[in-house]
Amino acid sequence: MEGFKNFFATRWGIIFVGLVIGVLAPLLQKFGNPPNMGICVACMERDIAGALGLHRASVVQYLRPEIIAFVLGAFLSALAFKEYRPRGGSAPFIRFILGMFAMIGALVFLGCPWRTILRLAGGDGNAISGLLGLISGIWLGTRFLKAGYSLGKTQPAPSKMAGVAFPLLMFGLLVLLFIDPQPPDQARGMILFYSLKGPGSQHAPLAVSLSAALLIGILAQRSRFCTMGAFRDLILFKQGHLFSGVAAFFIAALATNLLLGQFNPGFAGQPIAHTMQLWNFLGMTLAGLAFSLSGGCPGRQLFLSGEGDADAAVFASGMIVGAAISHNFGLASSPAGIGPNGAIATIIGLVVCIIIGLTMRRR
Amino acid sequence: MSETIDARGLSCPEPVLLTLEAIKKSGSAEIEILVDTDTSKENVMRAAQSMGWQILEVNEESSGYKIKIGKE
C-alpha cells in the first residue's frame, strides 16, 4: 500500500500545524496585532484595501505583511515540494463574486473563520453566534455540493509563469512596505495609507509578522489546513481530518491566551466585536456559504494562490474589493453594531450565493 | 472490469465526492481516479481508506496522478 510521503498530510501532521498556528496567533497579538486578531485573513485583507486607498476608513489602513507572507510562504513551499502547478479557469468571475460576498459577510460579523476561532479562544462570547452561522453556511454549501454543485474544471496554465503573478504582486507590495514605511505620527507615506488609531495602527513589528506568517504559509501549504473544510468534511463525509487541525488551533490559542493573560470572557465590550447576535450569525452564514461554494476558507485561498491557482487568487482579489465596498458603502460593522447597509447587503449576498449554489451544476 | 473517474481540475471536495459516489454505486472491484494535485491525491486516498478500500497503485503522470483503489 502507498503510504503518505507527506507527514503533514497525516492526522498528527495537521494537528501539529494547528497547534503551531494556535500559539503563533496570540503571540502576534502580544507583539502588537489587534486583540483577538493575531491573525484574521478577512480583517487583514481589509486593512490592505485601506493601505492602498481602495477604501478610506481611517482606522483600518495597514499593508498587513501576514497576508503577503502567507502567499509567499505557500509559494516557496509549493516550489520546494514540486507542487507548484499554475492553473485556472474554473468560473473565475463567479469566484470573484463569492469572494466579495464572503468578505461582506465576514465584515458584518467582524472576522473570518480564523478570527472566529481566535475570538472564541479569547473569551469573546459573541463569536458563538458567528461560529454557529459559519457552520450553518457551510452546511448549506454541502447541500448544494450533494446536489451536484460545481464550478467546473480548471485548466493547466499555458506558461509556468502564469502562477507567479499573484505571488509577484504580493512581493511587490512587500517591497512597497519596505520603501514606504509609516512616517512618525502621520497617516500617509509616499504612497501607502496608514492608521494613527484603531486596529490599523496596531501591529507586530514587521520582522515578527513576516517570519511568523511565512512559517504558517509553508506549514499550511503542506498540511492543506482549512478552517472551512474542517466543518465541511465533518458534515459531508463525517471525516475529522481537517477538523482535528482546527480543534488543535483552538486549544493551542486558548492555552496561549490564558498563559499570556489575553483571555477575557464575556459578551459586552469585547474588542472589535458587536453584540447583535442575529447579524453575527447571518454575516457568518453568508461567509461560510461563500467559502463553501468556492472550496476553501480565506486562508486556504491564499495558500492555493501561492501554489499557482489563479482561481484562488481571483477569490482573494474579490475579497479585497469586497472590503472596499463594505467600508465605502456602510456595510461593515463596528463595535457599535452593524453598518447602515449591513443587513440588506447580507440578505442580498445570501440570495446571490443561493442562486449560484442552485444554478452551477456538474454537466 | 474497472471504472475510471476523471477528477482532474476539480476543486475540493469534488474529487472525494465523486470517489465516494463511485464506491457506493460501483459494481466493479477496482476504480481508477485521475487527479491533478497532491491535495486531491491525499484526499481521495484518505476517503477510499476510510471506506475500507485499499490503495492498489499510485502512478505519477504528466497531468497529475492515477490512483487505483480496490475493494478488500
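Scoring rules and cut-offs
Residues numbered from 1 in each chain as written. Chains lettered and ligands numbered in written order. Predicted model: local features only at pLDDT ≥ 70, side-chain atom pairs only at ≥ 80, totals over all residues. Helix = DSSP H or I, 4+ residues; strand = E, 2+ residues; numbered from the N terminus. Rg over C-alpha atoms; globule rule 2.2 N^0.38 Å. Buried ≥ 20, exposed ≤ 12 C-beta atoms within 10 Å, placed from the backbone. Contact = placed C-beta atoms within 7 Å. Nonpolar A, V, L, I, M, F, W, Y, C, P; charged D, E, K, R; others polar. Pairing = 2+ DSSP bridges. Axes fitted to C-alpha atoms, helices over the stretch in contact; angles between N-to-C directions. Parallel < 35°, antiparallel > 145°, perpendicular 65-115°, else oblique. Left-handed = near helix turned anticlockwise from the far one by under 90°. Core = buried A, V, L, I, M, F, W, Y, C linked by C-beta atoms within 7 Å. Expected span 1.5 Å × (residues − 1).

Colleague: Let's hear about the overall build of chain B: which residues, and what values?
Modeller: Scanning chain B for helices and strands turns up two helices and four strands. Counting from the amino terminus, chain B carries its helices and strands in the arrangement β-α-β-α-β-β. A compact globule built from 72 residues should have a C-alpha radius of gyration of about 11 Å, and chain B, at 11 Å, falls within 12% of that. For chain B, the spread of C-alpha atoms along the three principal axes comes to 25 × 20 × 15 Å. By residue count, 46% of the 72 residues in chain B fall in the buried class. Pairs at least 24 apart in sequence give 58% of the contacts found in chain B among residues at least 6 apart.

Colleague: Describe the overall build of chain A, with residues and values.
Modeller: On a plain count of helices and strands, chain A comes out with 14 helices and two strands. Relative to the 2.2 N^0.38 estimate, which gives 21 Å for 363 residues, the radius of gyration of chain A is 19 Å and therefore close to what a compact globule would have. Across chain A, contacts joining residues at least 24 apart in sequence account for 81% of those joining residues at least 6 apart.

Colleague: Can you break down the interface of chain B and chain A residue by residue, with the values?
Modeller: Opposite the 20 residues of chain B that make contact, chain A presents 24 residues. Of all elements in the fold, only α1 (14-25), α2 (38-50) and β3 (53-61) of chain B reach the threshold of two or more residues within the side of chain B that touches chain A. At six residues, α2 of chain B tops the list of elements feeding residues into the side of chain B that touches chain A. Partitioning the side of chain B that touches chain A into residue classes produces nine nonpolar, six polar and five charged.

Colleague: How would you sum up the sheet that holds strand β2 (residues 30-35) of chain B? Please name residues and give values.
Modeller: All names here are of chain B. The four strands are arranged β1-β2-β4-β3 in an open sheet whose pairing can be described as mixed. In the strand order of this sheet, the two ends are held by β1 (2-6) and β3, each with one partner. Taken pair by pair, the neighbouring strands of this sheet meet at an average axis angle of 20°, ignoring direction. Here β3 pairs with strand β4 (residues 64-71) via eight bridges, running antiparallel. For Glu60, the partnering residue across the bridge sits in β4 and is Tyr65. Seen against the sheet, α1 touches β1, β2 and β3 and runs at an angle of roughly 170° to β2. Lying on the sheet, α2 is in contact with β2, β3 and β4; it crosses β3 at an angle near 165°.

Colleague: Explain unusual backbone geometry residue by residue, including any values.
Modeller: In the segment running from Cys12 of chain B into Pro13 of chain B, the intervening peptide bond is cis, with an omega of 0°. Take Pro13 of chain B: it is sitting in the loop between β1 and α1. One non-glycine residue, Asn36 of chain A, adopts positive backbone phi at about 55°. Among the structural elements, Asn36 of chain A can be located in the loop between α1 (11-30) and α2 (41-51). Within the chain, Lys238 of chain A stands out as a residue other than glycine whose phi angle is a positive 55°. Counting through the fold element by element, Lys238 of chain A comes out in the loop between α9 (227-237) and α10 (241-260).

Colleague: Give me the lowdown on the packing of α2 of chain A against helix α13 (residues 310-328) of chain A, citing residues and values where you can.
Modeller: Residues and elements named next belong to chain A. Following both chains from N to C, one finds α2 and α13 inclined at 70°, their axes separated by 8 Å at the closest point. In terms of their interaxial angle, α2 and α13 are classed as roughly perpendicular. Handedness of the crossing formed by α2 with α13: right-handed. Contact with α2, carried on its side by Ala42, Glu45, Arg46, Ile48 and Ala49, involves Met319, Ile320, Ala323 and Ala324 of α13 and no other residues of that element. When grouped by side-chain class, the residues that make up the contact of α2 with α13 number seven nonpolar, no polar and two charged.

Colleague: Describe the nonpolar core, listing the residues and the values that go with them.
Modeller: Residues and elements named next belong to chain A. Membership of the largest hydrophobic core comes to 136 residues, with the highest contact counts inside it found for Val71, Leu98, Ile104, Leu107 and Ala290. The element that contributes the greatest number of residues to this core is helix α4 (residues 92-109), accounting for 12 residues. Apart from residues lying up to four places away in sequence, Ala290 is in contact with Leu98, Phe101, Ala102, Gly105 and Cys353.

Colleague: Please provide a residue-by-residue account of the environment of Ile251 of chain A, values included.
Modeller: Residue and element names in this part refer to chain A. Tracing the backbone through its elements, the reader meets Ile251 in helix α10. On the neighbour-count criterion, Ile251 (15 C-beta atoms within 10 Å) is partly exposed. Taking the C-alpha atoms as reference, Ile251 lies 24 Å from Thr285; in sequence the two are 34 residues apart.

Colleague: Describe the pairing of β2 of chain B, naming the residues involved and giving the relevant values.
Modeller: Where β1 of chain B meets β2 of chain B, five bridges bridge the pair, whose relative direction is parallel. Along β2 of chain B, the bridge assignment pairs Ser2 of chain B with Glu30 of chain B.

Colleague: How would you explain α2 of chain B if you had to name every residue and give the values?
Modeller: Given a rise of 1.5 Å per residue, 13 residues ought to cover 18 Å, and the 18 Å separating the end C-alpha atoms of α2 of chain B matches this to within 8%. Among the 13 residues of α2 of chain B, 10 are classified as buried, and the element is accordingly described as predominantly covered. For α2 of chain B, the set of buried residues is Asp38, Thr39, Ser40, Lys41, Glu42, Asn43, Val44, Met45, Ala47 and Ala48 of chain B. Contacts made by the buried residues of α2 of chain B are with α9 of chain A together with α1, β2, β3 and β4 of chain B.

Purely geometric numbers; function is a separate question.
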